Every structure is written in C-alpha cells, then in structure tokens.
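# Close look at the chain arrangement
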Amino acid sequence: MKLTYHGHACFLIEGKGHSVIIDPFLKDNPLSVVKPEDVKVDYVLVTHGHFDHIADAVEISRRNNAPVIATFELVNYCTEKGATGHPMHIGGSYTFPFGRVKLTIAHHGSTTDAGSAGNPCGFIIEMDGKTVYHAGDTGLFSDMALIGEMNPIDCALLPIGDNFTMGIKDAIKAVELLKPRIAVPMHYDTFDVIKQDPEEFKKGLQGSATEVKILKPGESLEI
Ligand code: NI
Ligand code: MN
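Within each chain, residue numbers correspond to sequence positions counted from 1 in written order. The naming scheme follows written order: chains are lettered A onward, ligands numbered 1 onward. Totals for whole chains, interfaces and linings use all residues, but because this is a predicted model, local features are given only for residues with pLDDT of at least 70 and pairs of side-chain atoms are given and counted only at 80 or more. Processing note: side-chain calculations cover all non-hydrogen atoms of the structure and skip hydrogens and water entirely.

### Things to note about the coordination of the manganese ion (ligand 2)
Threshold: Here the term donor refers to an N, O or S atom within 2.8 Å of the metal (or 3.2 Å for Na, K and Ca), and because water is left out of the atoms, sites may appear incomplete. We call a residue buried when its accessible area falls under 20% of the maximum for its residue type, exposed when it is over 50%, and partly exposed in between, using a 1.4 Å probe and counting protein chains only.
Protein coordination at the manganese ion (ligand 2): the donors are D52 (OD), H53 (NE2), D137 (OD) and H187 (NE2), at 2.2 Å from the metal. Donor residues for the manganese ion (ligand 2) sit on one chain with the sequence pattern D-H-x83-D-x49-H. The distance between the manganese ion (ligand 2) and the nickel ion (ligand 1) is 3.1 Å, with D137 acting as a donor to both metals. Accessibility classification places D52 together with H53 in one group, the buried group.

Structure (structure tokens):
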C-alpha cells in the first residue's frame, strides 16, 4: 500500500487496483503540489465539513465518478452539490471494493457553507491487509486506546497543529494509546496559527515502538 501526503489532512492511498483520497484540500492550499484535476481515485473520504477538508471533494467525486464516504449529513450535502456518495455513521463499518472503512469518533465541529453537517469523524481503513487510521480533526480522547486495541494499526495519521486539534504533546499521548507501527503528523504549517515543528513530535516518540515518518506534501510512504 502506498500512502502519499498532499498537505494538511489530505492523503492518497493506493492499493492493488484501487485508490482513495482523504480530505482533499488542494486547489486553495498553497502547500499542495497537486490539483484536483490530477487526482484519479475510486472513492473520496471526508472527515468533516470544514473547508480545509471538504474543499475539492465534490469536484473530485464528480470527475472520477467516485462516491464520497462520510457521515450521513455530510454525504447529503455533497450529493446535493452533484457528488455521488455512500453515507455511514460513527461506529459503523462497510466493505467496499477497495477494503473496509469504519467511522470513529472525533472531538471537533462539522459545518459547511450550508450550516451544520452533523458530527465529525475519523476513519479506520483496511486495504490490502494493512490498516490506516486517519484521526480527522480531533482533540485527544482515551478511547484511542480501544481503537488501537481492536485494530492493530499499521499507520496512524494524526493532527499536531494545536489550536484547532491536538498539539504535539497530546499527539504523542495519542500514539502511546493507539500503538501504531508508523505515525505520520498532519494538520500543521498550513496556516500561521498551526505552525509546528514535526521534529519535536518525532523526538517525543524516540525509543517507542512507533516509527514517526514526517512527509512533505507530495512525498510517499510504502506501508
Ligand atoms: Ni476542522
Ligand atoms: Mn481542519
């Protein structure tokens, strides 16, 4: 499985014959090195309705005929804008052609330009025998221990930007609870208010069983 970071909270996951993108924020993200029209995927996963996550989701869904996987409320919003979608909700999982997706809690908000879009979420994605956890925008929560216990995580994608989400100290604690094989920091540096040094996150986990991989936008990792 190949994981590519496209800046902020956006990741492209490519497996054997299938690919999905999570939280595409490309066109208006100055740090992103790809544009929505360059993205070829089968599904679009969106954690919540904030612009820095849903930004290019409808366009990518329409161009690729790729259903949006998100909460019921958010899928309704996307399908009204012309996307296709597969609604789910917290705690539910479903097996798609590419693999299995489960929605987890995330402590955050979820609004769009049309108002409230229900609850935000995170995703557990199982594909080609590997498990990736995208935490979404969230604060630290102790149920991360349960998520890690029930789903041996190969790679955890965790916000470290602080202000809107966990900061570095809480993200280190999240890794201790989740016990992933690899952790990749996200949701930092895009805006001044979330400027962070990801090396500090890496340093804080030195000597732990988790390997921290810091990816620049456009960089990939084989899991
Ligand atoms: Ni948000
Ligand atoms: Mn965000």
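There is more to say after this.
### Description of the coordination of the nickel ion (ligand 1)
Let me state the cut-off plainly: Tetrahedral means four donors with every angle between 85 and 135 degrees, whereas square planar (four donors) and octahedral (six donors) require angles over 155 degrees between opposite donors and between 65 and 115 for all others; sites fitting neither are termed irregular.
Within the protein, the atoms that donate to the nickel ion (ligand 1) are H48 (NE2), H50 (ND1), H108 (NE2) and D137 (OD), at distances of 2.2 to 2.3 Å. Classification of the site at the nickel ion (ligand 1) rests on its four donor atoms, whose angles at the metal span 87 to 176 degrees, yielding the label irregular.

### Notes on the packing of aromatic side chains
The line we're drawing: When two rings of Phe, Tyr or Trp (its six-membered ring) have centres within 6.5 Å they constitute a pair, described as stacked for plane angles under 30 degrees, edge-to-face for angles over 60, and tilted for the intermediate range.
Here the structure, examined in full by the defined rule, presents six aromatic pairs. Aromatic pair Y94 and F96: ring centres 4.8 Å apart, planes at 65 degrees, arrangement edge-to-face. On the basis of relative accessibility, which here comes to 41%, the residue Y94 falls in the partly exposed class. In this structure F96 comes out as buried when scored by relative accessible area, which is 5%. By way of ring pairs, the aromatic residues Y43, Y94, F96 and F98 are connected into one cluster.

### Quick word on helix α5 (residues 168-178)
Short version of the rule: We count a stretch as a helix when DSSP gives it H or I for four or more residues in a row; a strand needs E for two or more, and each element gets its number in order from the N terminus. This arc describes the spread of directions from the helix axis toward the C-beta atoms. Throughout, a contact is declared for two residues whenever any of their heavy atoms are within 4.5 Å.
Among the residues making up α5, those that are buried are I168, A171, I172, A174, V175 and L178. Seen along its axis, α5 keeps its buried residues to an arc of 155 degrees; they face one direction. Of the surrounding secondary structure, the elements contacted by the buried residues of α5 are β12 (130-134), α4 (144-150), β13 (155-159), β14 (182-186) and α6 (198-204). Immediately beyond the C-terminal end of α5, within one or two residues, lies K179, with a positive phi of roughly 50 degrees.

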